[in-house]
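# Structural features, examined
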Amino acid sequence: MHIAQLPVDEALRSLRASTQGLSSAEADKRLREYGPNRIEAAPGIPQWRRFLAEFTHFFARILWFAAALAFFAESRSSGEGMWQLGVAIVAVILINGSFSYWQEYRAERAIAALRRLLPQSVKVMRDGTLQTLDVDRLVPGDILELDEGDNVPADCRVIESIQLRVNMATVTGESLPRPRTTAPESDNVALEARNLVLAGTAVVSGHGRAVVFATGMRTEFGRIAHLTQTADKSVSHLQIEIARLSRLVALFATGLGVVFFAVGHLIGLPFWTNLMFAIGIIVANVPEGLLPTVTLSLAMATQRMARRNALIRHLPAVETLGATTVICSDKTGTLTCNRMHVAQVFQECQRASTTAAPTMAHLLRNARNNHGLRRGQQSGQAVWLGDPMEVALVTYGEDVAETGEWVRVAEVPFDGERRRMSVLLAQGDAYWLYCKGAPEVVLPRCTEIEGESGLRPLDSDARIRIVEQQEAMADAGLRVLAFAWRKVSHAGDTEERDLVFSGLIGLRDPPRPEVPEAIARCRSAGIRVIMITGDHPHTALAIARDIGLVTGDNVKVVLGNSLRQMTPTQLQMALDAPEILFARVTAEQKMRVVEALKRKGEIVAVTGDGVNDAPALKMAHIGIAMGVGGTDVAKEAADMVLLDDNFASIVNAVEEGRAVFENIRKFLTYILTSNIPELVPYLAFVLFRIPLPLTIIQILAVDLGTDMLPALALGAEPPGPDLMRQPPRRAGERLLSWGLVARAYLWLGPLQALAALTAFFLVLGASGWVYGDMPASDDPAYLQATTACFAAIVVAQMVNLFLCRHPERSALRIPWRNPLLGWGLAIEAVLLLLIVYALPLQRLFGTAPFAPGIWPILLLLALGIGLLEELRKAIVRHLAGASTAGK
């Protein structure tokens, strides 16, 4: 039998323990057998391996291969700038990998600490005396002393309880503290047993003693931690897309190299010349600037999110947020404040009110004085410490204006069997007994009721009205307590009989005020929010209605017991319900819901703050933990931590995530466009036997020089005003779509290539060049021509920066809200002028100043590209409008 089903004496015998505790010798023996009471960390990936992984992923391997080809080409044919290209590519790999590693390492260090939830010392009976021991020395059979404010260090069976109440929220998700008793249970479910206290929970009031029956990884806490450690982490959509883009780039570059190697062979090029030409084609088609641009763009997005109270632990999680289609949210502490509040009061003389009336004096005095709280200090202020429900009642009861001094004379404590508590108050020689508790146990002890005209008998009609009101308040998700009193003749009379019914008070953990608006924004953005909680279904449904999470009458409420019996197919079909929420669920069941949603093709984000949330946080595409009220276990499992515990911050983060995906597409278009004018000169050089219009080192100046900052500026574009009014993108939608490739490679790129070759031949022709001549590489006229070709590409890219801000909207109609665009343009212009006119950079990049009259021509060519792109956008908008009108 489970220890929860055994009486106290049998439970002690089953553990070979007694109320006097274990002997030191026996405890040492058990410590060797069962091990220390601590959560063992899962074997992690060593930091050195994680560091090296940043330099060995697929795109990095492509760059390593490109660098190797460049160094090989330099060894066979020096003076072509291949060694500079190889060094630059290696530098890109090293700088980008180091930056990525540091960004994630810094975020992890900011929230590291898995074990701090458990207390460091504990009061234990050893050798018949009460001792204070380190928590990791606890063993099964130890007897613990538990007092208000203690964190429970192991799973224990209660053997003595005096008003002992425990907050189980971190393990079960339930917001209300639960009384603990010594009576045996009929069931063996540890999370529901009223005679067990579990590791990671906290004593909110009372006193008790308990015998330890599970320590370390054998506890419920440890089991959940193990689930967190073993759950596989999802690969983000961005990681998948970058891997796909890397493969496409590798195939495209290699394919072109092979094809044109074959072409060169057919037209009779010497073998080594032909091989160098093929290597140049391959290297020219590898966008060396893509990897650092993606990394820096994600890093900038994490900084923007941090300013909006969202800490990103893993860079790819930024983009995953934007793809989210479902948010599975915990209730307690996430959607609610995790702070009890008086929501409704019922009195016969004043129905359903929350304000004090003159006839409420007894009710308010009862609420104010009938409690087991104690005064303490918090942030330098005196506060009530203990059961949050009683704190709410005392705060509410302080509205009464007392005359004279009231003294507590006696107390009849609360316990799980009686389900009520009474105190005897005295004022002078007069005594009053005040009782509060569950309505079903207080009401039968009442014979009178307070009314507008004073006291009157509590007849059957009044009882029916009270019960109906109680049920209505319970259906609204309130925790309902009944309050009664009677005047007694002496201090020894504490019998709870012949009471006068004062009223009902309904309490609740209120929703966070900003949550309804956040839920509405999720709905308009096409994001489904599903509540998954360990709390009572009535409470969950009421909160869901309050925040606008559910609005209809046919809400499907799935309880943990029902979920346990569902097959995976049944669960997936249940999730098709338009409005659904889950209540009384365990950690494993929460993981099942996440798995089912992922099988349905959803991009799942899970929010939570308790230990019970951690496995699902890790299982989800993106886990979101609460930074203030969240446990360390939840933070360790999460990809993102909300620094203000504000559900509304999630919506802001989703908006940033969506913007990141769109921005990556913008700078992908920008970067890939310049690949074509870098490639075409090579093709013309081989196929048409003309001088090489653009050198390798000049290609490097574009990819890692002039293009970098403007691309980063596109990566920092703010979210558009209509971004959160659009549905999430399709799960299979590609980052590198065919439309993007066609626009960059088949439209903008060829236009830029035409402009670049026009500038090259214009300058070269002005020097007297005729077709068939092959000038020397240091010929001043040839240097000026290649410089004009390079400058034409850069100027065209400056115009392209505006064109790439949106694939359809006119660049003239997009608001200028990104100051980095101006900085990017300015720095790009300065770099271009330095490369053209600064002597050291002329030597490095093989440039020479061309005639000043060429600059206006370059500008006109670039503006022509802009005009043609604006014409294309107008045609696309017209066709889209006509298609919409036709529907």
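Here, every reference points to the structure presented above.
The notes below deal with the structure included here. Quantities reported herein were computed from a predicted structural model and do not represent experimental measurements.

Scanning the protein chain from terminus to terminus reveals 31 helices and 26 strands. A burial count over the protein chain gives 57% of its 887 residues as buried. Across the protein chain, the fraction of contacts at a sequence separation of at least 24, relative to all contacts at a separation of at least 6, is 73%.

Right, let's get into the sheet that holds strand E8 (residues 310-312). Taken in spatial order, the six strands line up as E8-E26-E25-E24-E9-E21 in an open sheet, and their pairing is mixed. Of all the strands in the sheet, the pair left with one neighbour each is E8 and strand E21 (528-531). Pairs of neighbouring strands in the sheet enclose a mean axial angle of 20 degrees, with direction left out of account. Across three bridges, strand E25 (residues 622-626) lies against strand E26 (residues 640-642) in parallel orientation. Counterpart to Ile624 in the pairing with E26 is Met640. Those strands touched by helix H20 (residues 587-599) are strand E9 (326-329), E21 and strand E24 (604-608), and its axis lies near 160 degrees from that of E24.

Before going further, it helps to examine helix H25 (residues 696-706). An α-helical turn contains 3.6 residues, so a residue and the one three or four places further along point in the same direction. Burial analysis of H25 places nine of its 11 residues in the buried class, the great majority of the element. Of all the positions in H25, only Ile696, Ile697, Gln698, Ile699, Leu700, Ala701, Val702, Asp703 and Thr706 are classed as buried.

Note that Asp553 resides in the loop between helix H17 (537-546) and strand E22 (556-559). Here Asp553 falls in the exposed class, since its relative accessible area comes to 73%. Along the primary structure Asp553 and Glu579 are separated by 26 residues, whereas in three dimensions their C-alpha atoms are 9.4 Å apart.

A separate point is the packing of aromatic side chains. The final tally for this structure, using the stated rule, is eight aromatic pairs. For the pair Trp769 and Tyr771, a centre-to-centre distance of 6.5 Å together with 85 degrees between the ring planes defines the contact as edge-to-face. On the accessibility criterion, Trp769 (18% relative accessible area) is buried. The exposed category is assigned to Tyr771, whose relative accessible area is 57%. Taken together, the ring pairs in this structure connect Phe760, Phe761, Trp769 and Tyr771 into an aromatic cluster. A cation sits over an aromatic face here: Arg729 above Phe661, 3.4 Å from the ring centre.

The next thing to look at is the pattern of salt bridges. Using the criterion set out here, one finds 27 salt bridges in the structure. For Arg209, the salt bridge goes to Glu145, with nearest N and O atoms at 3.2 Å. One end of the pair, Arg209, is in strand E7 (residues 202-214); the other, Glu145, is in strand E3 (residues 143-147), with 64 residues separating them in the sequence. Each member of the pair, Arg209 as well as Glu145, carries the same accessibility label: buried. A network of salt bridges, in which partner residues are shared, links Arg304, Arg308, Arg521, Glu655 and Glu656.

Two quantities define a packed helix pair, namely the angle between the helix axes and the distance between the axes. The interhelical angle for the contact between helix H23 (residues 647-673) and helix H27 (residues 738-766), taken along N-to-C directions, is 40 degrees, at an axis separation of 8 Å. The angle between the axes of H23 and H27 places the two elements in the oblique class. Relative to H27, H23 is oriented so that their crossing is right-handed. Between H23, through Arg665, Leu668, Thr669, Leu672 and Thr673, and H27, the contact on the second element is made entirely by Leu740, Arg743, Ala744, Tyr745, Leu748, Gly749 and Gln752. Here the contact of H23 with H27 is composed, by residue class, of six nonpolar, four polar and two charged.

With 13 residues, H20 extends 19 Å from end C-alpha to end C-alpha; this agrees with the ideal 18 Å at 1.5 Å per step. Among all positions of H20, only Ala587, Gln589, Lys590, Met591, Val593, Val594, Ala596 and Leu597 are buried.

A surface patch of nonpolar side chains, amounting to about 570 Å² of accessible area, comprises Leu266, Ile267, Leu687, Phe688 and Tyr771. By the element assignment, Phe688 lies in the loop between helix H24 (675-687) and H25.

The next thing to look at is the pairing of E3. Of all five residues in E3, four are buried, a share of seventy percent or more. As paired strands, strand E1 (residues 121-126) and E3 are joined by two bridges and run antiparallel to one another. Among the inter-strand pairings, Met125 is bridged to a residue of E3, identified as Ile143. Sheet topology places E3 next to E7; five bridges connect them, and they run antiparallel. Bridge assignment links Asp147 to a residue of E7, and that residue is His207.

Our next topic: the side chain of Arg126. Among the secondary structure elements, Arg126 is positioned in strand E1. Looking at Arg126, the relative accessible area reads 5%, which means it is buried. With residues near it in sequence (within four places) discarded, Arg126 still touches Gln20, Leu22, Ala27, Gln131, Leu133, Arg137, Val139 and Asp142.

Turning next to the nonpolar core. Core analysis: the biggest nonpolar cluster contains 68 residues, and Leu321, Ile327, Met531, Ile624, Met640, Phe647 and Leu668 have the highest contact counts within it. Among the elements that take part in this core, H23 stands out by supplying 14 residues, more than any other. Among residues more than four places away in sequence, those in contact with Leu321 are Met305, Ile312, Ile622, Ile624, Met640, Ala653, Val654 and Gly657. One finds Leu748, Ile793, Val794 and Ile865 within the second-largest nonpolar core, a separate group that totals 67 residues.

Definitions and cut-offs
Residues numbered from 1 in each chain as written. Predicted model: local features only at pLDDT ≥ 70, side-chain atom pairs only at ≥ 80, totals over all residues. Heavy atoms only, no water. Helix = DSSP H or I, 4+ residues; strand = E, 2+ residues; numbered from the N terminus. Buried < 20%, exposed > 50% of the residue type's maximum accessible area, 1.4 Å probe, protein only. Contact = heavy atoms within 4.5 Å. Pairing = 2+ DSSP bridges. Axes fitted to C-alpha atoms, helices over the stretch in contact; angles between N-to-C directions. Phe/Tyr/Trp six-rings, centres within 6.5 Å; stacked < 30°, edge-to-face > 60°. Lys NZ or Arg CZ within 6 Å of the ring centre and 35° of its normal. Salt bridge = Lys/Arg side-chain N within 4 Å of Asp/Glu carboxyl O. Parallel < 35°, antiparallel > 145°, perpendicular 65-115°, else oblique. Left-handed = near helix turned anticlockwise from the far one by under 90°. Nonpolar A, V, L, I, M, F, W, Y, C, P; charged D, E, K, R; others polar. Expected span 1.5 Å × (residues − 1). Patch = residues over 30% accessible without salt bridge, like charges linked within 9 Å, V, L, I, M, F, W, Y side chains within 5 Å. Areas by Shrake-Rupley, 256 points an atom, 1.4 Å probe, with all protein chains shown as cover. Core = buried A, V, L, I, M, F, W, Y, C linked by side-chain atoms within 4.5 Å.

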